[in-house]
Structure formats: C-alpha cells, structure tokens
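Reading the structure
Listed below are the residues making up each chain.
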Amino acid sequence: MAVQNLKPNVISSSSIHYADLIKSVRDKNLKSLLARKKLHLVLDLDNTLLHSSTMLKLTKYDRDYLQRSVGVKLIEEKKLFQWNFQRNDSVTCLPARGRNDHWVTKLRPNVETFLKEASAVFEFSIFTLGTCKYARKMLDLLDPEGLYFAHSQVITREDIRSKPLKKGLDLVWAHERVVLVVDDLKEVWKDDNAKSVIKIAPYEFFDDESSNKKSWSRNWADESEKYGELARVLRELKKIHKEFYNVEEGQDDYESRDVRDAIEEVKRKFFLQGTKEGMSKHAQETINEIDECFKSMGLNCRTNGPNVILQTNHMVM
Ligand SMILES: [Mg+2]
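Here the magnesium ion is held by the protein donor atoms Asp 44 (OD), Asp 46 (O) and Asp 184 (OD), which lie 2.1 to 2.2 Å from it. Motif for the magnesium ion, donor spacing along one chain: D-x1-D-x137-D.

Pasting the structure below:
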C-alpha cells in the first residue's frame, strides 16, 4: 500500500482558540484517560524519535554511507528515508544519491517497539519546534498505518506565540497533572514545565562537522535496540505510570493525583537503590584496599561481608 495513502489524520492546532477550548477538552479527556488507566505522553521528534538532515548538510562521509550496501539496506527496511517536500506532502523514497533539496531521516532504533508498548498505557501528542509540514512528514514515516498518532494533537513552531520559542504544556490538550514529556532538550521547555520532562540523550545518526562527537554513521554502528535510550526511557515511563496508579484499595481518586509527584517518587526510589548499590560497591572496594594494605604488612586479612577479620601470624613492630 502506498505510503501517501496511509497518512495519519493529524489534527493541526494552529487555528484554534486555545483558551476556551483547552479547558473543555482537558476536562472531557481526563475522565476517559483515568478510566482507562492511561496517562498522556508528549513526544518530541528531532533527536528523540528520529534524526533528520538536509542532503546539503550531509558530510561527504554520510553521502558515501548512503550509497553503500549498509545505507541501502536501511532504506529498504524503511528505517532510513530520503524525501522532499515537493510531491503533495507524500513521503517519497528516492535513489540513494539524493539531491541537495532532499532530506534524509533515520528512525531511532527501537522506536516501533517504544510506540507500541508505550501506547498501551499512554495517549500521545507531538510537540516539535519544526514546522507543521515537517511534522506531518515525520509522522508518515513513524506511523505509516496511523496506529499511534491518528488522533493525536500535533503542536509545532507555528503554534507558539512566545519569542524566543519555548515549548509549553499550556498548549497541550490534557491536564498537566497527567502529562509526561520525553524530549532530548529540557531547556526548550518553559521553566514551569521542567518537572514534567523526562530527558532522553539525543540521537545523532548523521555526521555533524561542527561537533567533535562521532556520529553513529561515522562509527558504522547504531544505538542498541535493547539497551539504547528509548528502551531505558520506556522502562522509566512504565515505572512512573505504575507509581501513579499504585494506590491502596478504596483510594482510587486518581483525579487528585499528579504525575509529577510520581516522577519524583520514581527518581527517589532510583536514587536510593543507586545509593545502596553504590555504597555496597564502595564498601567492597574499601575492603579490598584494606586487604591489600594488611597483606603488604605481612598480615592475613579475611573479609566476611562488611566485617574484616584479621589473622595475625606475627607481630608487626
Ligand atoms: Mg529534539
């Protein structure tokens, strides 16, 4: 089936008077969301779910990569796309050589699984500093069958009134207390929304000559599907969702709960676990150091957990 016939039904937010509409939509949405034990997840596009570049910006190295079998294979597998804005908003796979007015987009490894599993417990919206036209293209690539974003709100740079451009949850059609954000840039969000943002390490597949960091393509590698950032963030999101809905029987007044508290609680538990493991590791390192020290003094040192048992064979003067 042609990709252009499967475009998700994107709801543009550019021409809507938000002040009155948002409250009404949020109130209606909240009950439905909580009844289905879901939360709302706002997703960034660039460097979070994918990496795009114009062909013009690609280095000679990356152009070469696209023409090699590894690049061609990614295109055949629909993990890497070359496209332009010309053909009636359709996504067009182009020959590997491409042209300078063409774009190239690489989907982040594991993105399909991420969307599939996250959609079981979250409703999605998209918030990008790219244009609406660009966002529609990217959703064609990410969700050609309209499984995940068919009814999603898509917020783009055209919807933002503030200068400089800042993303804000005031534009999202869900109450802030049930909204989580995944973005590679926390600083593009208004300060008031910082607590809602789960930061993900940026995905940079294509080369950037202005950066010292080697791109994945230059390394002839890619982020791990199993241990990469999307897998990590998915685990974190599931924990937060579980924490939000983890209430004692009879106390399921979810409307009074706030997902930002759940985020803090998950962070606190993670920190405590990390501290415990860190202390355990530190304790073992200390025991090893003591062991080495006593050995150098001619003493036997037998460790028993955190306890150190000395066996003195002779006097040390
Ligand atoms: Mg981004």
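Relative to the helices and strands, Ser 217 is located in the loop between β9 (197-199) and α6 (229-245). Along the backbone, Ser 217 and Gly 71 are 146 residues apart, and their C-alpha atoms lie at a distance of 9.2 Å. Those residues in contact with Ser 217, other than ones at most four positions away along the chain, are Tyr 61, Asp 62, Tyr 65, Phe 205, Phe 206 and Asp 207. One polar contact links Ser 217 to Asp 62, side chain to side chain, over a distance of 2.5 Å.

In space, the three strands of this open sheet follow the order β3-β5-β4, with antiparallel pairing throughout. In this open sheet, the two edge strands, each paired with only one partner strand, are β3 (50-54) and β4 (80-83). Neighbour-to-neighbour, the strand axes of the sheet open up by a mean angle of 15°, direction not taken into account. As judged from the four bridges shared by β4 and strand β5 (residues 103-107), these two strands associate in the antiparallel manner. Among the inter-strand pairings, Gln 82 is bridged to a residue of β5, identified as Val 104.

As a further point, take the nonpolar core. Counting 46 residues, the largest nonpolar core has Leu 43, Phe 114 and Leu 180 as its most contacted members. No other element matches the seven residues that α6 contributes to this core. Ignoring sequence-local partners within four residues, the contact set of Phe 114 consists of Leu 41, Leu 43, Leu 49, Leu 230, Val 233, Leu 234 and Leu 237. In terms of nonpolar packing, the next biggest core, distinct from the first, is built from 13 residues, Val 42, Val 181, Trp 189 and Val 197 among them.

Moving on: the packing of aromatic side chains. As enumerated under the stated definition, the model contains 14 aromatic pairs in all. Relative to Tyr 134, the ring of Trp 83 has its centre 6.2 Å away and its plane inclined at 40°; by these criteria the two rings are tilted. Here the residue Trp 83 occupies a position in strand β4, and Tyr 134 occupies one in helix α5 (residues 132-142), the gap between them amounting to 51 residues. Residue Trp 83 shares its accessibility class with Tyr 134, and that shared class is buried. Members of the aromatic cluster, connected to one another through ring pairs, are Tyr 61, Tyr 65, Tyr 203, Phe 205, Phe 206 and Trp 220. Positioned above the aromatic ring of Phe 205, the side-chain terminus of Lys 106 is 5.2 Å from the ring centre. When the ring centre of Phe 244 is taken as reference, the NZ or CZ atom of Arg 257 above it lies at 5.7 Å.

Another aspect to go through is helix α3 (residues 69-76). Taken residue by residue, α3 has Gly 71, Leu 74 and Ile 75 as its buried positions. Angular distribution of buried residues about the axis of α3 spans 100°; they occupy a single face of the element. Of the residues in α3, the exposed ones pointing more than 90 degrees away from the buried face are Ser 69 and Glu 76. Each element contacted by the buried residues of α3 is listed here: α2 (60-67), β4 and β5. Once α3 ends, the next one or two residues include Lys 78, with phi positive near 60°.

Here the focus is the pattern of salt bridges. Applying the stated criterion across every chain, the model contains 20 salt bridges. With a closest N to O distance of 2.7 Å, Lys 167 and Asp 183 form a salt bridge. Of this pair, Lys 167 sits in the loop between β7 (153-155) and β8 (179-183) while Asp 183 sits in strand β8; the two residues are 16 residues apart in sequence, bridging distant segments of the chain. In terms of burial, Lys 167 and Asp 183 fall into one category: buried. The network of salt bridges with common partners includes Asp 44, Lys 167 and Asp 183.

Criteria and cut-off values
- Residues numbered from 1 in each chain as written.
- Predicted model: local features only at pLDDT ≥ 70, side-chain atom pairs only at ≥ 80, totals over all residues.
- Heavy atoms only, no water.
- Donors = N, O, S within 2.8 Å, 3.2 Å for Na, K, Ca; no water.
- Helix = DSSP H or I, 4+ residues; strand = E, 2+ residues; numbered from the N terminus.
- Contact = heavy atoms within 4.5 Å.
- Polar contact = N/O pair within 3.5 Å; in protein donor to acceptor, adjacent residues only side chain to side chain.
- Pairing = 2+ DSSP bridges.
- Axes fitted to C-alpha atoms, helices over the stretch in contact; angles between N-to-C directions.
- Core = buried A, V, L, I, M, F, W, Y, C linked by side-chain atoms within 4.5 Å.
- Buried < 20%, exposed > 50% of the residue type's maximum accessible area, 1.4 Å probe, protein only.
- Phe/Tyr/Trp six-rings, centres within 6.5 Å; stacked < 30°, edge-to-face > 60°.
- Lys NZ or Arg CZ within 6 Å of the ring centre and 35° of its normal.
- Arc of directions from axis to C-beta.
- Salt bridge = Lys/Arg side-chain N within 4 Å of Asp/Glu carboxyl O.

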